[in-house]
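Each chain is listed here by its residues.
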Amino acid sequence: MPACEVKSADTRGLAGQTVGDTSVCSVNQTQLIYRGYEIADLAANATFEEVAFLLLAGHKPSADELAEFDQALKDNRSVESSILDVIERIAVEPADVHPMSILRTGISMVSHLDPECEDNSADAEYRKSIRLMAKIPTLIGACQAPRDGRSRVEPDASLSHAANLLWMLTGKKPESIATKVMDVSLILYAEHDFNASTFTSRVIASTNSDMHSAVCGGIGALKGNLHGGANEAAMDMLADIMNDTSDSSMTVEEWMQNAFNEKRKLMGFGHRVYKNGDHRAGILREWGLKYCEEVEPDKKVWFDLGDEVQGIMHREKDIHPNVDFPCGMTYFTLGIPVPQYTPIFVASRITGWCAHIMEQHANNRIIRPLAQYAGPDLMSWCDS
Ligand code: SDX
């Protein structure tokens, strides 16, 4: 390429393109901010219920607002047994349906019984956001219980949102440290401006379609391993490395070099926006390690392996882990089945999606970008 010719930026995937504004969140190299509050501040000082209210209502809740919001969540955790029975059946027949697909089906079924499904008014969408946030852990639990060979459990109104999610997912009441780690992970995963799944939800909402349809679209987008599915893929990758290097026939360095030679995408690493590291990754890694040290010291080997992999990626590629990398190790240490990692991401990101859907509906214009035609020149049908 002649020296004078400047390589045009690669804008595939809308890279580097600002395509709208939002008051919900700011994602940049130096900060991650939810409605004016920095992520480390929220992770250290707020609960997921408080952060969810902040995202949905737009301000920090008063004590009364928080109590009312928390009660509304607890009052709406139950799901009709006819829906849960379907979820339980498709969770095991056929055996290999991904829990994200089952959750997408669950949200569709829940929408048919939501009396305000077709009402896109602000008040109705706020109420629908609460119902969706409240019911997702129940849907996740109905999927996991038959896979564990046990009966599903009922939501427990004495438990916080994070604790109830673990209760629904495992059928066991969680230790307080497990609840805290889950609560922090839900805060970290809640919102991230125009990421692929949120932008998908906004595009659907921009046609005047309903919140449940936009959420189903968001689930479809988040499922991919380049996006939310990376937390499962990152754990699977670590398990492969652990397995392949366990008999010392190969070192971690050699495993990584093979991956580089094969030009493999290493899951849990890299980010479209963050080039100097994901503000969330270090926070989640610290909480995962804390849980290890307090409850599962034998599983610290996973964090040691993760640190080695991270060091090689940084040294060889100058690529940093995103939040999905420590999430994989952390959820594994908590004993959560790997295929449920991304559904848990949904249980958190439902708050960001709903905030963006409401923002889109409040000041809407259909999202319809232009395309650069790269097809054949004009031809005559009869002459060709
Ligand atoms: C999430 O957008 C968000 O905000 C998402 C998210 C959120 O909270 O909503 O943060 C959550 O989805 C995090 C990302 C999870 N995905 C993964 O961990 C999958 C692995 N990562 C890569 O596929 C990639 O880094 C992406 C998808 C995250 C970003 O894609 P980009 O912006 O197109 O990648 P890039 O321009 O930064 O990469 C430039 C080059 C690559 O060139 P290509 O092969 O893509 O042409 O850097 C290399 C690669 O050569 N590279 C990697 C790599 N990431 C980048 N090489 C190996 N492994 C990787 N993970």
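Residues numbered from 1 in each chain as written. Predicted model: local features only at pLDDT ≥ 70, side-chain atom pairs only at ≥ 80, totals over all residues. Heavy atoms only, no water.

When helices and strands are counted, the protein shows 16 helices and three strands. In summary, the protein has a C-alpha radius of gyration of 22 Å against a globular reference of 21 Å for 384 residues, a match within 12%. Counting only C-alpha atoms, the protein reaches 65 × 65 × 45 Å along its principal axes. In the protein, of all internal contacts separated by at least 6 residues, the share reaching a separation of at least 24 is 74%. Here the protein has roughly 18,200 Å² of accessible surface; of this, 52% comes from carbon and sulfur atoms. Each charge sign in the protein was given a centre, from 35 positive and 54 negative side chains, and these centres are 2 Å apart. (Helix = DSSP H or I, 4+ residues; strand = E, 2+ residues; numbered from the N terminus. Rg over C-alpha atoms; globule rule 2.2 N^0.38 Å. Contact = heavy atoms within 4.5 Å. Areas by Shrake-Rupley, 256 points an atom, 1.4 Å probe, with all protein chains shown as cover. Lys, Arg positive; Asp, Glu negative; His and termini not counted. Charge placed at Lys NZ, Arg CZ, Asp CG, Glu CD.)

With respect to the helices and strands, His161 occurs in helix α7 (residues 161-170). Relative accessible area serves as the criterion here: at 2%, His161 is assigned to the buried category. Among all residues touching His161, those that are not within four sequence positions of it are Phe48, Glu49, Leu73, Arg77, Met133, Ala134 and Pro137. (Buried < 20%, exposed > 50% of the residue type's maximum accessible area, 1.4 Å probe, protein only.)

Take the site of the ligand next. With respect to spatial proximity, 21 residues lie near the ligand, and among them His192, His271, Arg272, Lys275 and Arg280 are the closest. Between the ligand and Phe269, the relevant distance is 2.8 Å, taken from a nitrogen atom to a main-chain nitrogen or oxygen of the residue. Between an oxygen atom of the ligand and a side-chain N or O atom of His271, the distance comes to 2.7 Å. In isolation the ligand exposes 1,000 Å². Once the protein is present, 71% of that is buried. Looking at side-chain class alone, the shell around the ligand contains six nonpolar, eight polar and seven charged residues. (Near = heavy atom within 4 Å. Polar contact = N/O pair within 3.5 Å; in protein donor to acceptor, adjacent residues only side chain to side chain. Nonpolar A, V, L, I, M, F, W, Y, C, P; charged D, E, K, R; others polar.)

In this structure, Tyr34, Met182 and Met256 are the most contacted members of the largest nonpolar core, which totals 106 residues. Counting residues per element, this core draws most heavily on helix α16 (residues 341-362), at eleven residues. When sequence neighbours within four positions are dropped, the list of residues in contact with Met256 reads Ile241, Leu266, Val309, Ile312 and Met313. Core analysis: the second largest hydrophobic core is formed by five residues, Val153, Leu159, Ala163 and Trp167 among them. (Core = buried A, V, L, I, M, F, W, Y, C linked by side-chain atoms within 4.5 Å.)

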